[in-house]
Amino acid sequence: MGEEQIVVKIGEKEKTYPAGVSFLSIAQEYQDQYEDDIVLALYNNRLRELKKTVKKDGELSFLTTSDKTGKRAYRRSVTLLMQKAVYNLWGREQIGVYVRYAIGQGYYCELMKDGESCKITETMIGALKKEMYRLVMADLPIEKYSMNTDEAVALFHELGMKDKEKLFRYRRSSRVNIYELDHYKDYFYGFMVPSTGYLRYYDVTAYQDGFVLLFPGKEAKKVSEFVPSDKLFFTLKRSRDWGKLQQIDTIGALNDAIAAGKTQEMILTQEALFEERIGALAEMIVKEEGKKFIMIAGPSSSGKTTFSHRLSIQLAAKGLKPHPFPLDDYYVDRDKCPRDENGELDFECLESLDVELFNHDMNELLAGKAVNLPIFNFKTGKREYKDKIMQLGKDDVLVIEGIHGLNDKLSYSLPVESKFKIYISALTQLNIDEHNYLPTTDGRMIRRIVRDARTRGTSAKETIAMWDSVRRGEEKNIFPFQEGADVMFNSALIYELAVLKIYAEPLLFAIDKDCPEYLEAKRLLKFLDYFLPMSPDGIGQNSIIREFIGGSCFNV
């Protein structure tokens, strides 16, 4: 009998291969047709690592390091490479590495010994780079194998990976995938490249007490330059310190608190912290006399609306007269709105706002004059005037919310001393474990999926489909201005993903397996599976999470 054959469709062509052929060998055949390295396969709309074999007929496409999913696999693999290099250099001294959070196009990491941070030197950075390079040149295989969840918990206990040990105590799946690089074992949230030889583009630079592991950004074969983001770093660090203070800094620790029945205590503590921070911010604004324009900006699903209401209440309690004010009312009429590269109306560019009118009206208000402010009619796509008269007295302030609030081109004519700029984002203080940080964009996307379904009747499939476009707008119009804010405010609640899980999971399960959005839905479902569910009972009506799950006392 001859060898069994399978038919693989790649693009418009079909090819015959022996059953059991690896995706890697097929990828090598097609690599010269791609500018960037192939790192994953998509077979019958299921994501596959290249070392996997093909056992039946199907349709095949490849993902490279320029694709979102391929980029994640590449970063994950470089992280494992870095961990192995740290282990080779300092493992005998019981020094471990922790991945803390994303800064720009890199991960901020710290070396730890006996629970204390070890200050890293330039000599150590040099040694780390040299060892990583050696491992890349050796082209060592990254192996994957499956083990029983109980065995995995025992393994992590033996390896001293306490966060992973705690995480997998709540794992419902009976199996866990473990990756191994030259006898170094770990678990990762997602797929890997086949070997270290793929990992040629990275850098390591000292920052604060640790270092940043840098990756390529838009160009898959060019490492992004490191631009320090000190305000973002210290906001993230402060949030992590709060998490440690409550002894809830990982998903496993959060699950422990939920399982122990501490949800009400957690809610009350979080809201007390939240209110204290908003109160301190209001006090800061009051003390800086002459602030008339409180400019609030942040990425999608940061909770800007609830935040602006709660800040306004605190400002009023301190003697000011705040007036919430949406920048959306200064949209140009739809027929004058610019279009993006796809010919679609671009509502997120600065030119979609009437910047000149905004500056004219704000200067008139600053001069103490009465101004008839516009109202944008989203049904007709036109600006209207309905006697919305505003005049600023001594204690009046405008609380202005909009994506361009931090961009000085928006308010170019207003005196610097009249503006107070606040950047808000949901920067979760939780990590998955020691080496898998929790991407803040995932938290925001889950917030958005839940809110869109509730308020707009938008399916999770539609929200996921437009998310890349939303992210591009943020990277262009919001993130470049975050360091120019007077204050950076973190709107994430430590328990929120355990609550959002209840609402998000049914919406994600509704996405059909044949949809392009299914892969992302499956990834998010796997991510939410780490969390124990938490009831929203006991969460106050003014909580920021109510903006997404419903039941808010504000008009959100």
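What counts, and at which threshold
Residues numbered from 1 in each chain as written. Predicted model: local features only at pLDDT ≥ 70, side-chain atom pairs only at ≥ 80, totals over all residues. Heavy atoms only, no water. Helix = DSSP H or I, 4+ residues; strand = E, 2+ residues; numbered from the N terminus. Buried < 20%, exposed > 50% of the residue type's maximum accessible area, 1.4 Å probe, protein only. Polar contact = N/O pair within 3.5 Å; in protein donor to acceptor, adjacent residues only side chain to side chain. Contact = heavy atoms within 4.5 Å. Patch = residues over 30% accessible without salt bridge, like charges linked within 9 Å, V, L, I, M, F, W, Y side chains within 5 Å. Areas by Shrake-Rupley, 256 points an atom, 1.4 Å probe, with all protein chains shown as cover. Salt bridge = Lys/Arg side-chain N within 4 Å of Asp/Glu carboxyl O. Lys, Arg positive; Asp, Glu negative; His and termini not counted. Charge placed at Lys NZ, Arg CZ, Asp CG, Glu CD. UniProt positions renumbered as here; feature names shortened; annotations may be inferred. Pairing = 2+ DSSP bridges.

Under an unreviewed UniProt entry, the name given to the chain is Nucleoside kinase, and the source organism is Roseburia intestinalis.

**Q** Help me understand the side chain of Asn-377 in this model?
**A** With respect to the helices, strands and loops of the structure, Asn-377 is situated in strand S18 (residues 371–377). For Asn-377, a relative accessible area of 19% corresponds to the buried category. At 3.1 Å, the side chain of Asn-377 forms a polar contact with the backbone nitrogen of Thr-380. Residues in contact with Asn-377, not counting those within four places in the same chain, are Lys-382 and Glu-384.

**Q** So what exactly am I meant to see when it comes to a positive patch on the surface here?
**A** A grouping of Arg-46, Lys-56, Lys-513, Lys-522 and Lys-526 is seen on the molecular surface, where their side chains present a positively charged patch. Inspection of the secondary structure assignment puts Lys-522 in helix H14 (residues 518–528). Owing to a relative accessible area of 41%, Lys-522 belongs among the partly exposed residues under this scheme.

**Q** Just checking my understanding: could you explain the UniProt feature "domain: AAA+ ATPase" (unreviewed entry) in the chain for this structure?
**A** According to UniProt, the positions carrying the feature "domain: AAA+ ATPase" (unreviewed entry) are residues 290–451. Each end of residues 290–451 is marked by a C-alpha atom, and these two atoms are 36 Å apart; helix forms 23% of the span and strand 25%.

**Q** Explanation requested: the pairing of strand S20 (residues 396–401) in the structure shown.
**A** Where a strand is regular, its side chains alternate between the two sheet faces. The buried count for S20 comes to 5 of 6 residues, which makes it a mostly enclosed element. Sheet topology note: the strand S16 (residues 293–297)/S20 ladder contains 4 bridges and is parallel. Paired with Met-295 across the strands is Ile-400, a residue of S20. Strand direction decides the pairing type here: strand S17 (residues 321–326) and S20, joined by 6 bridges, are parallel. From the neighbouring strand, His-323 faces S20, where its bridge partner is Leu-398.

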